[in-house]
Amino acid sequence: MASDLFESPDYYQIDDLLSEEHKLVRNATRDWVKKEVSPIIEDYAQRAAFPDQLIKGLAEVGAFGPYIPEEYGGAGLDQISYGLMMQEIERGDSGVRSTCSVQSSLVMFPIYAYGSEEQKRKFLPKLASGEFLGSFGLTEPNFGSNPGGMITNYKDMGDHYVLNGAKMWISNAPFCDVAVVWAKNEEGRIHGLIVERGMEGFTTPETHNKWSLRASATGELVFDNVKVPKENLLPGRSGLGAPLSCLDSARYGIAWGALGAAMDCYDTALRYSKERLQFGKPIAGFQLQQKKLAEMITEITKAQLMVWRLGTLKNEGKATTAQISMAKRNSVEIALKIAREARQMLGGMGITGEYSIMRHMMNLESVVTYEGTHDIHLLITGADITGIQAFK
Amino acid sequence: MKVLVCISHVPDTTSKINFTADNSAFDKNGVQFVINPYDEFGLTRAIWLKEKKGASVTVLNVGGNETEPTLRKALAIGADNAIRVDAEPSDAFFVAKQIAAVAQEGGYDLIIAGRESIDYNGGQVPGMVAALLNWPFVNACVGMDGEGPEFNFTREIDGGKEKLSASLPLVIGGQKGLVEESDLRIPNMRGIMQARTKPLEVKAAVDAETKTSVGSFSKPAPKSAVKMIDAENVSELVQLLHDEAKVI
Ligand SMILES: Cc1cc2nc3c(=O)[nH]c(=O)nc-3n(C[C@H](O)[C@H](O)[C@H](O)COP(=O)(O)OP(=O)(O)OC[C@H]3O[C@@H](n4cnc5c(N)ncnc54)[C@H](O)[C@@H]3O)c2cc1C
């Protein structure tokens, strides 16, 4: 693969809205991605292999729980810093960003927000250092967009719980050391349980032959009468709102991340079209190509402003679920469109692994589906503005 | 051991270079600044001295407050504290005077600067600092080992390498080789957080004259168009080299 020349677009001087520290966070993450991810990622994606050597580096750079307080092994950074890190990591690859999102927002966040002090001390530092890799089990074979219908359940056996059921499409599952699993108790109320590798009856078969997120491992979590110690139940919150609040945090990161993928596609197409000559001039000189590029930078700029504002609201504790849905949906939509247009601008070269565009495009097909499908986010906005739910 | 690392704040190597309307100064508009790459090798070497020998590492810049993000980055990478001498770095002698004053006042044993900075490429400051302090100077330094106070150094010289030794206090003009590119550190998030509370002291400049002043800058002439001549047509080539290029 050609060397990574990425420069981030900043058409509206949005950098002026960032602090020097934010820029340092972004540039450090970008430097790390250029050094560690760009040179190897195409090969791993082509082979559908998980680049587990990156785990240590991701932990070192601080991509696991950047906003978790330092006493639990995080970096204690703000939400804009978290967003910028996700932008830069997904600029490299959505699969690598997925690994970080799951670890930070879906595993560390629920343990931090709803876990007991002992759970926080036991798990968070190891998750931050990459010694433990986590997964998040909400989706089931028959309950995707409608997770409230889940059938995974546990029974109280007095001194422990017994967990039964199966989760599907779970990122990091095949290699996870711990899984935050959402299951119903005997009264049908959803609770989170920390299931650890090695517990009897707990297996994690891998899902093969994905055309998307090939450098991220996806699998099932299968629970066959798994004995879970009582101290592994997350005591702080129950009900569907508990896992959904984790999704808020992850979706927020995706809103920034997908924008990173869009920026990479735009940057690649811009550079290529200025160099590629046809009919005696650079293809960037043709109106049809300029229309594509001009629309791309317009959409990127709008999305940059949106996620920046969302980050500010999130720092102030004011971002709503519906606002996060809108940004996640928008960023993924523009990223997918930009990836498709950019791919065409590269002609035949655009379908090869020589350039990152087609990998982004295929990755984004997962990103548009997980963490709430494109349709579901529209329904969330619809319900929010009309006050009428249209899910059922 | 107290190590003072000189950090210049220079345009990123990919920046587009422009000058102000009267060509008297570099136009900083829209330019990204970074730690001078030669200084970054020195900074990393200093961090090794900290990690392996318990040295303290201070980073120093002579410049306006726009250079503070560069110093914060050096702190995030691992320096203990930073000093900024609040003055326009107008010429090499002026800057060297400032560095020498800080070194004397702070009781440092080792000054690591870059062999040159990649903005104006003067390459004079570390030599002048050594002269002002009357310390040994190891320029174009590509290797350093030993336990101290005596160290063995390797220098790059025309067509080869020179090995020498010198004792603290001394000044190094460093470059790649002091550490390798793969040794350079990317700040991590915890480092960035810690850098928030590390001291960054702003000092007033000491009196010093400037010995040079800039006249004007100009860019190299743009490349002219390439003329293609048929491989068979040697006589036309000769004629053009003679009449147009005037090289034969
Ligand atoms: C690579 C990958 C990684 C994943 N990682 C995880 C993970 O780590 N943890 C986890 O818990 N899950 C994970 N998921 C699962 C993901 O969240 C689900 O795939 C997603 O929620 C959609 O569920 P589903 O696949 O069952 O689709 P369905 O819910 O069956 O949806 C199918 C289609 O129907 C539409 N639809 C559904 N309901 C409605 C409605 N009410 N109105 C209109 N249209 C509707 C959807 O928009 C979609 O287009 C992952 C998925 C992928 C692909």
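Source: prediction; values computed, not measured. (Residues numbered from 1 in each chain as written. Chains lettered and ligands numbered in written order. Predicted model: local features only at pLDDT ≥ 70, side-chain atom pairs only at ≥ 80, totals over all residues.)

Chemist: A description of the overall build of chain A should follow, citing residues and the corresponding values.
Modeler: When its secondary structure is counted, chain A shows ten helices and nine strands. Relative to its length of 392 residues, chain A is compact, with a C-alpha radius of gyration of 21 Å against a globular reference of 21 Å. Referenced to the eigenvectors of the C-alpha coordinate spread, the extents of chain A come out at roughly 80 × 45 × 40 Å. Each of the 392 residues in chain A was classed as buried or not, and the buried ones make up 52%. At a minimum sequence separation of 6, the contacts of chain A that also span at least 24 residues come to 75%. (Helix = DSSP H or I, 4+ residues; strand = E, 2+ residues; numbered from the N terminus. Rg over C-alpha atoms; globule rule 2.2 N^0.38 Å. Buried ≥ 20, exposed ≤ 12 C-beta atoms within 10 Å, placed from the backbone. Contact = placed C-beta atoms within 7 Å.)

Chemist: Would you mind going over the overall build of chain B in detail, with residue names and values included?
Modeler: Along chain B, the regular secondary structure elements total six helices and eleven strands. Taken over the C-alpha atoms alone, chain B extends approximately 70 × 45 × 40 Å along its principal axes. Looking at the 248 residues of chain B, the share that counts as buried comes to 38%.

Chemist: An account of the sheet that holds strand β1 (residues 2-6) of chain B is requested, with residue identities and associated values reported.
Modeler: Residues and elements named next belong to chain B. Read across the open sheet, the nine strands follow the order β9-β8-β7-β10-β6-β1-β4-β5-β11; overall the sheet is mixed. The outermost strands of the open sheet, each flanked by one partner alone, are β9 (160-167) and β11 (200-204). Here the strands of the sheet are splayed against their neighbours by 35° on average, with no regard to which way each runs. The sheet contact formed by strand β4 (residues 56-62) and strand β5 (residues 81-86) spans five bridges and is parallel. Directly across from Leu 60, in β5, lies its bridge partner Ile 83. Its contacts with the sheet put helix α2 (residues 68-77) on β4, β5 and β11, and the angle it makes with β5 is roughly 160°. (Pairing = 2+ DSSP bridges. Axes fitted to C-alpha atoms, helices over the stretch in contact; angles between N-to-C directions.)

Chemist: Could you give an account of the site of the ligand, naming the residues involved and the relevant values?
Modeler: Residues and elements named next belong to chain A. In the region of the ligand, 21 residues are neighbours, and Leu 138, Gly 144, Ser 145, Thr 373 and Asp 375 sit closest. Among the secondary structure elements, those contributing two or more residues to the shell around the ligand are β1 (134-137), β3 (160-171) and α10 (374-386). Among the residues making up the shell around the ligand, the classes are represented as ten nonpolar, nine polar and two charged. Composition of the shell around the ligand by domain shows at least three residues from each of domain 2 (134-232) and domain 3 (241-386). (Near = placed C-beta within 6 Å. Nonpolar A, V, L, I, M, F, W, Y, C, P; charged D, E, K, R; others polar. Domains from an automatic or database assignment.)

Chemist: Tell me about the environment of B:Leu241, and please be specific about residues and values.
Modeler: Residue and element names in this part refer to chain B. Along the chain, Leu 241 falls in helix α6 (residues 234-243). Owing to 12 C-beta atoms within 10 Å, Leu 241 belongs among the exposed residues under this scheme. For Leu 241 and Ile 7, which are 234 residues apart along the polypeptide, the C-alpha to C-alpha distance reads 47 Å. With residues up to four places along the chain from it excluded, the contact list for Leu 241 reads Val 247 and Ile 248.

Chemist: So what's going on with the pairing of strand β10 (residues 170-174) of chain B? Which residues, and what values?
Modeler: All names here are of chain B. Most of β10 is tucked away, with five of its five residues classed as buried. Burial along β10 is two-sided: the face carrying Leu 170, Ile 172 and Gly 174 and the face carrying Val 171 and Gly 173 are both buried. The pairing of strand β6 (residues 110-114) with β10 spans five bridges and is parallel. Opposite Ala 113, over in β10, you have Gly 173 as the bridge partner. Across three bridges, strand β7 (residues 137-145) lies against β10 in parallel orientation.

Chemist: Tell me what's going on with the interface of chain A and chain B, and back it up with residues and numbers.
Modeler: Contacts between chain A and chain B engage 15 residues on the former and eleven residues on the latter. The dominant element in the side of chain A that touches chain B, judged by the number of residues it contributes, is helix α1 (residues 20-47) of chain A, at seven residues.

Chemist: Can you break down the pairing of strand β8 (residues 150-157) of chain B residue by residue, with the values?
Modeler: All names here are of chain B. Bridge count between β7 and β8: four bridges; the pairing is antiparallel. Counted as the bridge partner of Gly 143 is Thr 154 from β8. The hairpin turn running from β7 into β8, its antiparallel successor, is four residues long, and Gly 146 in that turn takes a positive phi close to 125°. Bridge count for β8 against β9 is eight bridges, and the pairing is antiparallel. Note on β9: the bridge partner recorded for Thr 154 is Lys 163. Between the end of β8 and the start of β9, which pair antiparallel, lie two residues, with Gly 159 showing a positive phi angle near 75°.

Chemist: Could you give an account of α10(A), naming the residues involved and the relevant values?
Modeler: Helix length check: α10(A) (13 residues) gives 19 Å between terminal C-alpha atoms against 18 Å at 1.5 Å per residue, within 8%. Remark: A:Gly387 follows α10(A) within two positions and exhibits a positive phi of approximately 80°. (Expected span 1.5 Å × (residues − 1).)

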